[in-house]
Amino acid sequence: MIPKSYILFCLSILLVFSAKAEVPLETKINKVKVYLSGAQVSRTGETYLDAGEHTLTLSGLSPFMDAASLKVSAKGQFTVLSITHSLNYLKPIAQSALQLMLQAKIDSLTEVEASLNGDLEIIREKKKVLDTNRKIGSEEGVSISQLREALAFYENELAGMKRKELKIRNELKELEKLKKKYQNQLNTNKVEEKATSEIEILVKANKRTKASFGVSYLVANAGWKPKYDVKVSDLSKPATLTYKASFFQNTQEDWEKVALSFSSIDPKEGALKPEINPWYLSFAYDRVYSNRYNKQEAVTLDEVVVVKKRAQGLAMDREEAEMDSYEDEASTILPSSTTQKATSVEFKVNLPYTLKSEGGMKTVDLEEYEIPATYQYYAVPKLNQAAFLIAQIMDWESYNLLDGEINLFFEDTYVGKSMLNTGVLTDTLEVSLGKDNQISISREKIKQFSKTKVLGTNRTDKKGFEISLKNNKQVAVTLKLQDQIPLSTNSSIEVNMLDSGKGSFNEATGIIDWEIKLKPGESKKLSFSYEVKYPKGRRVVLE
């Protein structure tokens, strides 16, 4: 008869060999595509599989992974049976080197703080002893000289302790300030403790084989936005446009020497096309309601029966990352290439790039263009007595521009910021390059025109203005100038243009347009006037 213990031993051996072997799969991030919101991370790794079923585990991955976007490709003589995503709360995110350094600094300062507080306690105890022995003066048999010595000793000791106490308290204040700075910096870089993502790949191999894997997934807490530098050094030369990517990543995965690219796609916007449904229209009807005071009120209800279906695309379950909350670091010039795809634009950085998961904003230069442009000055003296330089860019669609912030430079001087709006439906894109103080403009009221006359039941106000221009530049300029007269919305008020100053007057808008050419150092003056008639018993507000 076979012993029962031997049977149990054999069964245990059989269970061990029949169980699925768990194999950790080491992978490395080799490629990252950053979207306007989110990023696609690609990993590669390889291992050797023995015959049988195995569970390959990728651990310590970003907690912000979108499980629906997970994709695994495999190469080798084996079969992938299943892919599972899960969260591991037993392996929280490890602190970054910066976080560990900041915490070590805080701990060190806390120890020094405790030591100084100990010194203060010793001083307090010494004071108690000194106060207790101060009663020497009340004892009999103490001479005047002894009393003086005792008092001098007490004063010296007390003064020394006070000075030491003051010094320690000042040191404690400085320590507290420094500790607060480190704590604030740590709080800035601190990430809420989250579980890490894990991927389990169940495979089956008939024999020992080499297995190669490619894993890609979408993560939140990353993104980029376009920025531009527009530089104009001379009005006779093209404008220089530097296309930049300002981006961040706080995915809890470090990107080490990855192939980095930027895409104009925003995955959270979805990809489903909208659907329009029939719009059924019926008569409106009145319904009578009784309010709390028992008064009946008629309410008209517009019957609009519209059935709408919400288009739901890929939505990322994540906390929104606010890119404007970060400050940009210095720009880095990197070689890159641009690819125009069917529905998007992609910029590839041609050098391996490293970005730690610390939440800071980085900026890289992607492309630089010499853009043919025409330049024109624009002014509205009524609103601002300054000339603004406008660059008119033709064929701007060929540069793959996206909406974004522009840093403006004119003649090697930073002049401010502007916004690039690519939603305009024109062939010419206008970019404001800021004020040019070398063009002087003034707008003054002409006194002889500015008078009031009463005739019968009507009152007539006449207004006239003179605009003075001077080009202080060494080159000729073209200035587009605009002003206006009021428009009447009341039949009792009549507005008439008296003199448009050789400008083009639009009766529908009340706007006067001039196009003035000024040679270097040239001055010009132009004027316009109008009148307003209205009943003399009424008041009209004019400038």
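Given the structure is predicted, the values throughout are model-derived calculations rather than measurements. (Residues numbered from 1 in each chain as written. Predicted model: local features only at pLDDT ≥ 70, side-chain atom pairs only at ≥ 80, totals over all residues. Heavy atoms only, no water.)

**Here's the deal with the packing of aromatic side chains**
One pass over the structure, following the stated rule, counts 11 aromatic pairs. With 6.1 Å between their ring centres and 50° between their planes, W514 and F528 make a pair best called tilted. Here W514 is found in strand β32 (residues 511-518), whereas its partner F528 is found in strand β33 (residues 523-535), with 14 residues between them in sequence. Here W514 falls in the buried class, since its relative accessible area comes to 5%. By relative accessible area, F528 is classed as buried at 1%. Three or more aromatic residues joined by ring pairs form one cluster here, namely W224, Y228, Y243, F247, F262, F347 and Y353. Taking the ring centre of F465 as reference, the NZ or CZ of R443 above it sits at 4.1 Å. (Phe/Tyr/Trp six-rings, centres within 6.5 Å; stacked < 30°, edge-to-face > 60°. Helix = DSSP H or I, 4+ residues; strand = E, 2+ residues; numbered from the N terminus. Buried < 20%, exposed > 50% of the residue type's maximum accessible area, 1.4 Å probe, protein only. Lys NZ or Arg CZ within 6 Å of the ring centre and 35° of its normal.)

**Some remarks on the sheet that holds β32**
Here we have six strands laid out as an open sheet, ordered β25-β22-β21-β29-β32-β31, and mixed in their pairing. The outermost strands of the open sheet, each flanked by one partner alone, are β25 (428-436) and β31 (504-506). For this sheet the average axis-to-axis angle between neighbouring strands, irrespective of direction, equals 25°. Strand direction decides the pairing type here: β31 and β32, joined by three bridges, are antiparallel. Looking at the pairing, F505 lines up with I512 of β32. (Pairing = 2+ DSSP bridges. Axes fitted to C-alpha atoms, helices over the stretch in contact; angles between N-to-C directions.)

**Considerations on unusual backbone geometry**
The backbone of Q252 shows a phi angle near 70°, a positive value even though the residue is not glycine. Residue D412 is not a glycine yet carries a positive backbone phi of 65°. Relative to the helices and strands, D412 resides in the loop between β23 (404-410) and β24 (413-420).

**Quick notes on the pairing of strand β28 (residues 458-471)**
As paired elements, strand β26 (residues 439-445) and β28 share seven bridges and run antiparallel to each other. Paired with R443 across the two strands is I467, which belongs to β28. Of the strand pairs in this sheet, strand β27 (residues 451-455) and β28 are connected by five bridges, and their pairing is antiparallel. Bridge assignment links K453 to a residue of β28, and that residue is T460. With antiparallel pairing between neighbouring strands as the criterion, β27 and β28 make up a hairpin whose turn holds two residues, including G456 at a positive phi of roughly 65°. As paired elements, β28 and β33 share 13 bridges and run antiparallel to each other. If you follow D461 over to β33, its bridge partner there is V532.

**Points about the side chain of D266**
Relative to the assigned elements, D266 resides in the loop between β11 (255-263) and β12 (279-281). Residues contacting D266, with those up to four places away along its chain left out, are L36 and S37. (Contact = heavy atoms within 4.5 Å.)

**Quick notes on the pattern of salt bridges**
Tallied over the entire structure, the rule returns 16 salt bridges. Here E165 ties to R169 by a salt bridge, and the two come within 3.1 Å at their closest N and O atoms. Of this pair, E165 and R169 both sit in helix α3 (residues 144-189), separated by four residues, roughly a single helical turn. In this structure R169 comes out as partly exposed when scored by relative accessible area, which is 38%. Its salt-bridge partner being E405, residue K227 comes within 3.9 Å of it at the nearest N-O pair. Pair noted here: K227 is in strand β9 (residues 222-232) and E405 is in strand β23, with a separation of 178 residues, a long-range link. (Salt bridge = Lys/Arg side-chain N within 4 Å of Asp/Glu carboxyl O.)

**Remarks on the pairing of strand β21 (residues 373-380)**
With six of its eight residues buried, β21 lies for the most part within the structure. With seven bridges connecting them, β21 and strand β22 (residues 384-394) associate as antiparallel partners. Looking at the pairing, V380 lines up with N384 of β22. The antiparallel hairpin formed by β21 and β22 contains three residues in its connecting segment. Note that β21 and strand β29 (residues 477-484) share three bridges and pair parallel. Each residue of the ladder has a partner; that of Y377, found in β29, is L479.

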